[in-house]
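Each chain is listed here by its residues.
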Amino acid sequence: MQLFRMVAVACLASVVVAWGYAARADPPAIADFVQAPALSNASLSPSGRYLVWVVRTGDDNAVHIRDLETGHLSIMGAGSSREHFG
């Protein structure tokens, strides 16, 4: 019974400490909610062999193609994210 009491007190103390740290955390900035995602447009090929997605780095985009059978990754530069296609 003594062991149970010690474990219960330790668990309660850890919850109180964690709650105190969470209360002091800075709130997220507005920019965290409005910036474009680093990964987008993920798609699986009809055969299920290839997974394709777009990676944004700064103003540049790159198309990543993963062959799910071999694990090979191909990366193709797609230009600036300020360009519009279509």
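About the thresholds
- Residues numbered from 1 in each chain as written.
- Predicted model: local features only at pLDDT ≥ 70, side-chain atom pairs only at ≥ 80, totals over all residues.
- Heavy atoms only, no water.
- Helix = DSSP H or I, 4+ residues; strand = E, 2+ residues; numbered from the N terminus.
- Contact = heavy atoms within 4.5 Å.
- Buried < 20%, exposed > 50% of the residue type's maximum accessible area, 1.4 Å probe, protein only.

**Q** Got a minute to help me understand the environment of Ile65 in this structure?
**A** The topology assignment puts Ile65 in strand S3 (residues 60-67). Separated by ten residues in sequence, Ile65 and Ile75 place their C-alpha atoms 6.3 Å apart. Among residues more than four places away in sequence, those in contact with Ile65 are Tyr50, Leu51, Val52, His72, Leu73, Ser74 and Met76.

**Q** Would you explain the environment of Val55 in this entry?
**A** Inspection of the secondary structure assignment puts Val55 in strand S2 (residues 50-57). You can call Val55 buried: its relative accessible area is 16%. Measuring from C-alpha to C-alpha, the distance between Val55 and Gly77 comes to 9.6 Å, with 22 residues separating the pair along the chain. Leaving out residues up to four positions away in the same chain, Val55 has contacts with Ala38, Leu39, Asp60, Asn61, Ala62 and His64.

Shape is all these values report; function is a separate question.
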